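Residues per chain, in single letters:
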Amino acid sequence: GLRDYRPGDAPRRIHWKATARQQKLVVREYEDAAPPRLLLVVDAWLPANPTESQLAHFEQLISLAAGVCREWRRQAGARLALAVISKTPRTLDGPPGPGLTQQMLEMLALEEGGESGEVKDALQGITRLGLAAPVLFLSSRSNSPHTQSLTQLLGRAIASVSVEQRTDWVRW
């Protein structure tokens, strides 16, 4: 696209034909063509003897994670890495494609929950590209100890959502 020149714009970006037509400096503006990436980390915690409320929160967590997977992977070229923190941590990461999306949805559907393991164990199968992506952490509990562990392990801020705390942007 084109836009008006601003101080600091590189002179090589000036679009000379548009500048001549409009009688003012106009520069080319480029969009980032890189496909979006996301690392989705799901804390599949569930106590040994869960209450009805805890079971409901767990179901909401799995539903939300599946929705994120389905919608994110729908965009052409979008890359999603999925890590599930559970007693048997699992990961899926790879190039965009419908086969991997189906595997992610099946993995979430078969998740039983339980006492969760370590964050570093859950991230073992994630590629460097996946680990460099922005992180969305989903949990069924509002005080998950994994939020802080994940932040420290990756060395950056993460977005964290707990289904236990209702938010306006998530519809149940």
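The following refers to the structure shown.

What counts, and where the lines are drawn
Residues numbered from 1 in each chain as written. Predicted model: local features only at pLDDT ≥ 70, side-chain atom pairs only at ≥ 80, totals over all residues. Heavy atoms only, no water. Axes fitted to C-alpha atoms, helices over the stretch in contact; angles between N-to-C directions. Helix = DSSP H or I, 4+ residues; strand = E, 2+ residues; numbered from the N terminus. Parallel < 35°, antiparallel > 145°, perpendicular 65-115°, else oblique. Contact = heavy atoms within 4.5 Å. Nonpolar A, V, L, I, M, F, W, Y, C, P; charged D, E, K, R; others polar. Buried < 20%, exposed > 50% of the residue type's maximum accessible area, 1.4 Å probe, protein only. Pairing = 2+ DSSP bridges. Right-handed = clockwise from strand over helix to strand, strands pointing away. Salt bridge = Lys/Arg side-chain N within 4 Å of Asp/Glu carboxyl O. Expected span 1.5 Å × (residues − 1).

### Points about the packing of helix H2 (residues 52–74) against helix H3 (residues 98–109)
Phase 1: Where H2 meets H3, the closest approach of the two axes is 10 Å, and the angle between their N-to-C directions is 175°. Classed by the angle they form, the pair H2 and H3 counts as roughly antiparallel. Packed against H2, whose contacting residues are Ile62, Ala65, Ala66, Cys69 and Arg73, the element H3 presents Leu100, Thr101, Met104, Leu105 and Leu108 at the interface.
Phase 2: Looking at side-chain class alone, the contact of H2 with H3 contains eight nonpolar, one polar and one charged residues.

### Side note on unusual backbone geometry
Phase 1: The phi torsion at Gln23 lies on the positive side, around 60°, for a residue other than glycine.
Phase 2: The topology assignment puts Gln23 in the loop between helix H1 (16–22) and strand E2 (26–28).
Phase 3: Gln23 gets classed as exposed once you look at its relative accessible area, which sits at 68%.

### Let's talk about the pairing of strand E7 (residues 159–162)
Phase 1: Summarising the sheet, strand E6 (residues 135–139) and E7 pair through four bridges and their orientation is parallel. Across the sheet, residue Leu136 finds its bridge partner in E7, namely Ala159.
Phase 2: The β-α-β motif built from E6, the intervening helix H6 (residues 146–154) and the parallel element E7 has right-handed crossover chirality.

### What about the pattern of salt bridges?
Phase 1: Enumeration according to the criterion identifies eight salt bridges in this entry.
Phase 2: With a closest N to O distance of 3.0 Å, Arg3 and Glu29 form a salt bridge. On the criterion of sequence distance, the pair formed by Arg3 in strand E1 (residues 2–4) and Glu29 in the loop between E2 and strand E3 (37–43) is long-range, its members being 26 residues apart.
Phase 3: Residue classification places Glu29 among the partly exposed positions, given a relative accessible area of 37%.
Phase 4: Put simply, Arg74 and Glu71 hold a salt bridge, and the shortest N to O gap is 3.4 Å. With Arg74 and Glu71 both in helix H2 and three residues apart, this pair spans about one turn of that helix.
Phase 5: Among the residues examined, Arg74 registers a relative accessible area of 57% and is labelled exposed.
Phase 6: Ionic contacts of the salt-bridge type, sharing partners, join the residues Arg3, Asp9 and Glu29 into one network.

### Re H2
Phase 1: Taking 1.5 Å of rise per residue, the 23 residues of H2 would be expected to cover 33 Å, and the 33 Å separating its terminal C-alpha atoms lies within 8% of that figure.
Phase 2: Every buried residue of H2 is accounted for by His57, Phe58, Gln60, Leu61, Ile62, Leu64, Ala65, Ala66, Gly67, Val68, Cys69 and Arg73.
Phase 3: Elements in contact with the buried residues of H2: E3, strand E4 (79–85), H3, E6 and E7.

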